[in-house]
Amino acid sequence: MTNNLPLTVKRSIELLGLMAIAAVMVIGRDIIMPILMAFFISIMLLPLYRFLKRKKVPESLAIILPILLVALFVALIIWFFSNQIGILVKDFPQIKANVTQHINSLSDWISRITHYDDKQQKAFIQTKSDDLMNMGTSLAGGAAVTLSGIFVFIGLLPIYIYLMLFYKDIILRFIFMWFKADDHPKVKGAIYETESIIKSYLIGLLIQITYMTILLGGILMLIGIKHALLIGVIFAILNLIPYVGALIGNLIGVLLTLTSSQELWPVLTVLGVIAFVQFLDNNILMPRIVGSKVKINALFSILGVFIGGSIAGVSGMFLALPIVAVLKIIFDRTESFKQWGVLLGDERPAKSPMTFPVFRKKKAVATKSGIEKG
């Protein structure tokens, strides 16, 4: 039926559909995001669940044991950050002295290059401090609501994971019933490919967190940088957010180093070590783990992160890339949406579609890597 519609009407329907999905995500993000998170975690736990089932472990226990492992992992992360925050609190007097030293040095530098004296700078800082305090007071209630939402989010995750693993066959049957029998082989292939990519991607990210924490934290500890392990863990976790996370991680690393030292050389050392570890991660380690599995171009990786963040906050930013990868699998295997798969992908046409008509069609064409210059 839709094949008989004009091209402009087809594209308008597609765009309206995308807008409707985005609207639903924004309105129902408190419900949808825990479900999506549980979906990805349950797929990651499938190999362990299947292993326990092969060992004749009762089904309920085969689901609960992997969930307990995830809960233990999260508990260890919470314990680590609580311990590190305790260390920061103990060092607060020294941190205050270091910050005062840096502010005085910055004030002297500003006085030398501008016409603002110490009194004008202090008045400016006092005004901005009052503004920040007022803003903090107004956001206190919102922070409490956000914190309660986080606890609800975490509380719902194990329930959703258990039910998804328990009722996975019902969900699969539901998916197959949407398609004609002739299309079931394609659907089956898409499901297997989606499962493979999500598993390799999420497990790869866990491996990435581990080796980046060991590399970055270990090198900084050997050099003698204070809070080295905390900087390593924070950067490794934030680095999971494509492109944006690394920038925020660098900023937090610099701030933690500035508060723990009155000299500037540790800051330069931290930035240098982070750059070295990122080089190893981007060019040697990560491509061997998940880089060959997720073929999303940089433009839509960044757009996905910002759109995910605007829809669902931090959880949306973390889930952006696997969601886009799943959409690409679906688009690539659906004739009417194949062009969207090309748009999200990393494979550039070998020659310009403006010059060679063969590259304007939906059929397979010669491509080259998206990171290749040319």
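Residues numbered from 1 in each chain as written. Predicted model: local features only at pLDDT ≥ 70, side-chain atom pairs only at ≥ 80, totals over all residues. Heavy atoms only, no water.

Chemist: Explain the overall build of the protein to me, please; I cannot follow it from the model alone.
Modeler: Scanning the protein from N- to C-terminus turns up 12 helices and two strands. Seen in sequence order, the protein has helices and strands lined up from the N terminus as α-α-α-α-α-α-α-α-α-α-α-α-β-β. Out of the 374 residues belonging to the protein, those deemed buried represent 32%. The long-range share in the protein, meaning contacts at least 24 apart out of those at least 6 apart in sequence, stands at 64%. (Helix = DSSP H or I, 4+ residues; strand = E, 2+ residues; numbered from the N terminus. Buried < 20%, exposed > 50% of the residue type's maximum accessible area, 1.4 Å probe, protein only. Contact = heavy atoms within 4.5 Å.)

Chemist: Teacher, can you tell me more about the packing of helix H7 (residues 184–223) against helix H8 (residues 228–238) here?
Modeler: Angle between the axes and distance between the axes are the two parameters that describe a pair of packed helices. Put simply, H7 and H8 touch, their axes get as near as 8 Å, and they point 150° apart. The orientation of H7 with respect to H8, classified from their angle, is roughly antiparallel. H7 and H8 meet at a crossing whose hand is right-handed. Within the contact between the two elements, H7 uses Ile 209, Met 212, Thr 213, Leu 216, Gly 217, Leu 220 and Met 221 and H8 uses Ala 228, Leu 229, Ile 231, Gly 232, Val 233, Phe 235 and Ala 236. (Axes fitted to C-alpha atoms, helices over the stretch in contact; angles between N-to-C directions. Parallel < 35°, antiparallel > 145°, perpendicular 65-115°, else oblique. Left-handed = near helix turned anticlockwise from the far one by under 90°.)

Chemist: Sorry if this is basic, but what is going on with the packing of aromatic side chains here?
Modeler: Think of a pair of aromatic rings as described by two things: how far the centres are apart, and how the planes are tilted against each other in angle. A full pass over the atoms with the stated rule returns four aromatic pairs. Pairing Tyr 162 with Phe 166 gives two aromatic rings, centres 5.9 Å apart and planes at 10°, and the pair type is stacked. Taken together, the positions of Tyr 162 and Phe 166, both in helix H5 (residues 118–166) and four residues apart, correspond to about one turn of that helix. Judged by relative accessible area, Phe 166 falls into the partly exposed class, the value being 34%. Members of the aromatic cluster, each reached through a chain of ring pairs, are Tyr 162, Phe 166 and Tyr 167. (Phe/Tyr/Trp six-rings, centres within 6.5 Å; stacked < 30°, edge-to-face > 60°.)

Chemist: I tried to follow the pattern of salt bridges on my own but got confused; where do I start?
Modeler: Side-chain pairing between opposite charges can occur once the charged atoms of the two side chains come close. Across all of its chains, the model carries two salt bridges by this definition. A salt bridge links Arg 50 to Glu 195; the nearest nitrogen and oxygen atoms lie 2.7 Å apart. Placement of the pair is Arg 50 in helix H2 (residues 29–54) and Glu 195 in helix H7, with a sequence separation of 145 residues. Classification of Arg 50 as partly exposed rests on a relative accessible area of 33%. The partner of Lys 199 in a salt bridge is Glu 195, and the shortest N-O contact between them spans 3.2 Å. Highlighted residues: Lys 199 and Glu 195, both in helix H7, separated by four residues, approximately one helical turn. Judged on exposure class, the residue Lys 199 and its partner Glu 195 are both buried. (Salt bridge = Lys/Arg side-chain N within 4 Å of Asp/Glu carboxyl O.)

Chemist: Help me out: how do you make sense of the nonpolar core in this one?
Modeler: Generally speaking, soluble globular proteins have nonpolar side chains that are buried together. In this structure, Ile 161, Leu 202, Leu 216 and Leu 220 are the most contacted members of the largest nonpolar core, which totals 55 residues. For this core, the secondary structure elements donating two or more residues are H2, helix H3 (59–90), H5, H7, H8, helix H9 (244–260), helix H10 (265–291) and helix H11 (298–332). When residues of this core are assigned to their parent elements, the largest contribution, 11 residues, is made by H2. Once residues within four sequence positions are removed from consideration, Leu 220 is found in contact with Ile 225, Ala 228, Ile 231, Val 270 and Val 273. Judged by nonpolar contacts, the second largest core, of five residues, contains Ile 241, Val 244, Val 305 and Met 317. (Core = buried A, V, L, I, M, F, W, Y, C linked by side-chain atoms within 4.5 Å.)

Chemist: Would you take a moment to explain unusual backbone geometry for this structure?
Modeler: Apart from glycine, the bulk of residues carry a negative phi angle, and the bulk of peptide bonds sit in the trans form. Of note, Lys 56 is a non-glycine position whose phi angle comes to about 65°, a positive value. Among the structural elements, Lys 56 can be located in the loop between H2 and H3. The exposure class of Lys 56 is exposed, given its relative accessible area of 73%.

Chemist: For this particular structure, what's the right way to read H2?
Modeler: An α-helical turn contains 3.6 residues, so a residue and the one three or four places further along point in the same direction. Here H2 spans 37 Å end to end across 26 residues, near enough to the 38 Å set by a 1.5 Å rise per residue. Leu 46 marks the point of greatest bend in H2, at about 45°, and the proline Pro 47 comes within the next four residues. In the stretch just after H2, Lys 56 is the one whose phi turns positive, near 65°. (Expected span 1.5 Å × (residues − 1). Bend = angle between axes of the 7 residues up to and from the residue.)

Chemist: Looking at this structure, I do not really get the side chain of Ser 42. What am I missing?
Modeler: Take Ser 42: it is sitting in helix H2. With relative accessibility at 6%, the residue Ser 42 sits in the buried group. What Ser 42 contacts, discounting residues up to four positions off in sequence, is Ile 161, Met 164 and Leu 165.

Chemist: Quick question: what am I supposed to make of the packing of H2 against H11 here?
Modeler: Put simply, H2 and H11 touch, their axes get as near as 10 Å, and they point 50° apart. As far as their axial angle goes, H11 and H2 are oblique. As H2 packs across H11, the resulting crossing turns out to be left-handed. Residues Arg 29, Met 33, Leu 36, Met 37 and Phe 40 of H2 form the contact with H11, whose own contacting residues are Ile 311, Ala 312, Ser 315, Gly 316, Leu 319, Pro 322, Ile 323 and Val 326. The class makeup of the residues in the contact of H2 with H11 is 10 nonpolar, two polar and one charged. (Nonpolar A, V, L, I, M, F, W, Y, C, P; charged D, E, K, R; others polar.)

Chemist: What am I meant to see in the confidence of the model for the protein here?
Modeler: Any region with low pLDDT has predicted coordinates that should not be read closely. On average, the protein scores 76 in pLDDT, and the residues at 70 or more come to 74%. By mean pLDDT, the top-scoring element of the protein is helix H6 (residues 168–176) (90), and the lowest-scoring one is H5 (64). pLDDT under 50 marks residues 139–145. Its contacts with residues more than four places away, or in other chains, come to zero contacts. (pLDDT = per-residue confidence, 0-100.)

Chemist: Mind showing me how you'd approach the environment of Ile 219 here?
Modeler: Position of Ile 219 relative to the elements: it lies in helix H7. For the pair formed by Ile 219 and Gly 232, sequence separation is 13 residues and the distance between their alpha carbons is 9.4 Å.

Chemist: When you look at the environment of Phe 176 in this model, what are you seeing that I'm missing?
Modeler: Structurally, Phe 176 is set in helix H6. Separated by 11 residues in the primary sequence, Phe 176 and Val 187 have C-alpha atoms spaced 7.1 Å apart. Setting aside residues no more than four positions away along its own chain, Phe 176 makes contact with His 184, Val 187, Lys 188 and Ile 191.

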